[in-house]
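Structural overview for review
Letter by letter, the chains look like this.
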Amino acid sequence: MTGPFDKELVDLLPSSVKYITHNGAGYDNIDVKACTARGIQISSTPIAVNDATADIAIFLMLGALRRITVPFNAVRKGEWRGKAFGLGHDPKNKVLGILGMGGIGKAVAERAAAFGMKIQYHNRNPLPADKAGNAKYVSFDDLMKTSDVLSLNLALNPSTKHIISTAQFDMMKDGVVIVNTARGPIIDEAALVKAIQSEKVFSAGLDVFEEEPKIHPELISDDRVVLLPHIGTATWETQKDMELLVLENLRSAVEKGELVTLIPEQSK
């Protein structure tokens, strides 16, 4: 709502500011380096967002597998199933690749297992065996090459911007399904459009976009894409949990001089 907490804004804050308690799991809108240089600590709201965001990821995955936008729109226009109606795919026995096996990624894996999917993931480092469940660790390239469905659940930073672009689509299976509930710029949207149009990508389920609230016009016009307006955490329960965690961080900052959920970059 305030706009990006970039270096220009941070540099104008009074020296008395020591904490920023952000209401969101992602904090790419905050210049961490500028804040750290000013001695400002930042908290976010991990854990609180996991379930709602994972639910939306599964919703988008199922919708994309069925190309649900075609019949969904058709029935409201009195066209029954629609002229472009075709068969979709079952999730059972499909390989779900999760890029970013943090709290949300794990929650997606737990839900996907109930549909009989085979789960694999890639992080910078493998998780301990007791944290990965039945998910198999694979390299980044193997995740690209062998996943039937790719779910993006990683943070946006300079190293992850456009981590999925033309070279990665070229590696993927023909007919792959892409799900993004993380941040839009993780995917090169122009490359995604080309991959869908060439049918390299069967369908995509997107809750986030590269230039929000603007959406690439060819994503909007393509019924093979399932679109949501960044509503991953938009439930009464999750918003309450996030706000309570913000208040917990505020209280801890005032009373103890420390944040409860300090961001990883500042907790090293």
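Right above here is the structure, for reference.
Structural notes, computed from the coordinates. It should be emphasised that the depicted structure is a prediction, and the values quoted were computed from it without experimental measurement. (Residues numbered from 1 in each chain as written. Predicted model: local features only at pLDDT ≥ 70, side-chain atom pairs only at ≥ 80, totals over all residues. Heavy atoms only, no water.)

**Thoughts on the overall build of the protein chain**
Stated precisely, the cut-off is as follows: By definition, any uninterrupted DSSP run of H or I lasting at least four residues is a helix, any uninterrupted run of E lasting at least two residues is a strand, and each is numbered from the N terminus. For the radius of gyration, the atom set is restricted to C-alpha positions; the globular benchmark scales as 2.2 Å times the number of residues to the power 0.38. Each residue gets one of three labels from its accessible area relative to the maximum for its type: buried under 20%, exposed over 50%, partly exposed in between, using a 1.4 Å probe on protein chains only. Whether two residues touch is decided by their heavy atoms; if any such pair falls within 4.5 Å, the residues are in contact.
Helices and strands together make up the secondary structure of the protein chain, namely 12 helices and nine strands. The C-alpha radius of gyration of the protein chain comes to 20 Å, within 12% of the 18 Å expected for a compact globule of 268 residues. Referenced to the eigenvectors of the C-alpha coordinate spread, the extents of the protein chain come out at roughly 60 × 45 × 35 Å. Looking at the protein chain residue by residue over its 268 residues, the buried ones come to 46%. Counted over contacts in the protein chain with a minimum sequence separation of 6, partners at least 24 positions apart contribute 64%.

**Side note on the sheet that holds strand β8 (residues 201–206)**
Heads up, the rule is: A strand pair is defined by DSSP finding two or more bridges across the two strands. Axis lines are fitted to C-alpha atoms, over the contacting stretch for helices. Their N-to-C directions set the angle, which ranges from 0 to 180 degrees.
Reading across from one edge, β5-β4-β3-β6-β7-β8-β9 is the order of the seven strands in this open sheet, with parallel pairing throughout. The two strands at the open ends of the sheet, each matched to only one other strand, are β5 (136–137) and β9 (225–227). In this sheet, β5 lies alongside strand β4 (residues 118–122) in parallel orientation, the contact comprising two bridges. Across the sheet, Q120 pairs through a bridge with K136, a residue of β5. The strands touched by helix α9 (residues 189–197) are β8 and β9; relative to β8, the strand with the most contacts, the crossing angle is about 140 degrees.

Interpretation in functional terms is not warranted from these geometric data alone.
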